[in-house]
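Results of the structural survey
Listed below are the residues making up each chain.
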Amino acid sequence: MEAGARRLDAVRRTDPLLVALGLLTLVTGLVDAACYLGLGRVFTANMTGNVVLLAFGAAGTQGLPVLGPTVSLVVFLVGAAGGGWLAARRIGPANTAVSASARRRWLSITLLVELGLVITAGGVAIGLPVGGGGGGRHYTVIALLAAALGLQNATVRRLAVPDVTTTVLTLTLTGLAADLGLAGRSPRVGRRLAAVGLMAAGALIGALLLRVDVAVPVLAAAVVIALAAVALRFGRSRETT
């Protein structure tokens, strides 16, 4: 009974911001599975991988595209710039004290914009051949998803929640490994493991959904973004450290 009560209390005290960021990490896996496997070896969330693949393609490596990663990279930067502009307009410059209500409104607007971009991408992607092709529609989907994930990355960067970037796991994995030698367990080990697990789960689910249609993992990502928005809207946030 006591153990069950403690678990229930932990659920009640879960910060909705961490829940939302976890869901956005899941979105990254879904979207990059759809893009890399379904749209011809291009990332729209993981720009580290995208830049490397673009360089390989530019070097003439067989089978690696150049145009798709270029479109993704450029539009991702546009989306990130838009995310920075929106943050400055809604909550002011960096290091400005922000009330919980102002932060919630800013995040809600950002998620609604991202949701609109992803839903539009899912609609355009319906019926596209898996693996690339589809002409202008193919690049339109890449651009829409890159803009959405650029917006997401700029927003998460402004939030600066430790170990939760939603798109890049290198530092998260480094933190897990580096803290193994500590006498006590790192207080963030659960957060780090959750980030790794959620992105892997998103990629796995996205790869499976891709068997139905390219649009399915994209639309699934839209559903997850909507859940993140609901978590932020109706949850009671506290400071996240």
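Right, let's walk through the structure included here. (Residues numbered from 1 in each chain as written. Predicted model: local features only at pLDDT ≥ 70, side-chain atom pairs only at ≥ 80, totals over all residues. Heavy atoms only, no water.)

**Notes on unusual backbone geometry**
Worth spelling out the cut-off: The buried label goes to any residue with under 20% of its type's maximum accessible area, the exposed label to any with over 50%, and the partly exposed label to all in between, with areas taken from a 1.4 Å probe on protein chains only.
Unusually for a residue other than glycine, Arg41 sits at a positive phi of about 55°. With a phi angle near 75°, Thr166 is a residue other than glycine that sits in the positive phi range. With a relative accessible area of 3%, Thr166 lands in the buried category.

**Regarding the nonpolar core**
Cut-off, in case you're wondering: Throughout this description, the term nonpolar core refers to a set of buried Ala, Val, Leu, Ile, Met, Phe, Trp, Tyr and Cys residues connected via side-chain atoms within 4.5 Å. By definition, any uninterrupted DSSP run of H or I lasting at least four residues is a helix, any uninterrupted run of E lasting at least two residues is a strand, and each is numbered from the N terminus. By definition, residues are in contact when any of their heavy atoms lie within 4.5 Å.
The biggest cluster of nonpolar side chains holds 50 residues, and the ones touching the most others in it are Leu21, Leu39, Val118 and Leu145. Looking at this core element by element, the count peaks at 11 residues for helix α2 (residues 16-38). Beyond its immediate chain neighbours, meaning those up to four positions away, Leu39 contacts Ala34, Leu128, Gly131, Gly132, His138, Val141, Ile142 and Val214.

**Here's the deal with the packing of helix α4 (residues 67-91) against helix α5 (residues 100-125)**
Between two packed helices, what matters for the description is the angle formed by their axes and the separation of those axes. Heads up, the rule is: Where helices are involved, their axes are fitted lines through C-alpha atoms of the stretch in contact, as for all axes, and angles between N-to-C directions lie from 0 to 180°. Should an angle lie under 35 degrees it is considered roughly parallel, over 145 roughly antiparallel, and from 65 to 115 roughly perpendicular; all remaining angles are considered oblique. Whether a crossing is left-handed or right-handed is set by the direction in which the near helix is turned from the far one by less than a right angle, anticlockwise for left-handed and clockwise for right-handed. Three categories are distinguished: nonpolar for Ala, Val, Leu, Ile, Met, Phe, Trp, Tyr, Cys and Pro, charged for Asp, Glu, Lys and Arg, and polar for the others, with Gly belonging to the last.
Their axes nearest at 10 Å, the elements α4 and α5 cross at an angle of 150°. Classified by the angle between their axes, α4 and α5 sit roughly antiparallel to one another. Crossing of α4 against α5: the hand is right-handed. Facing Leu86, Ala87, Arg90 and Ile91 of α4, the residues of α5 in contact are Ala102, Arg103, Arg105, Trp106, Ile109 and Thr110. Counted by class, the contact of α4 with α5 contains six nonpolar, one polar and three charged residues.

**Notes on the packing of aromatic side chains**
The geometry of an aromatic ring pair is captured by two quantities: the separation of the ring centres and the angle between the planes. Applied cut-off: Each pair of aromatic rings taken from Phe, Tyr and Trp, with Trp reduced to its six-membered ring, is defined by centres within 6.5 Å and is described as stacked if the planes are under 30 degrees apart, edge-to-face if over 60, and tilted in the remaining cases. When the NZ atom of lysine or the CZ atom of arginine is within 6 Å of a ring's centre and also within 35 degrees of its normal, the charge is said to sit over that ring.
For the coordinates displayed, the defined rule picks out one aromatic pair. Arranged with centres 5.1 Å apart and planes meeting at 20°, the rings of Tyr36 and Phe43 form a pair that is stacked. Lying across the ring of Phe234, Arg233 places its NZ or CZ 5.2 Å from the centre.

**Remarks on the environment of Thr140**
Mapped onto the elements of the fold, Thr140 is located in helix α6 (residues 136-159). On a C-alpha basis, the gap between Thr140 and Thr120 in space is 9.7 Å, while along the polypeptide they are 20 residues apart.

**Brief notes about the packing of α4 against α6**
Remark: α4 packs on α6, axes separated minimally by 6 Å, with the N-to-C direction vectors making an angle of 40°. Considering their axes alone, α4 and α6 lie oblique with respect to each other. Considering only the axes of α4 and α6, their crossing is right-handed. Within the contact of α4 with α6, the residues separate by chemical class into 16 nonpolar, eight polar and one charged.

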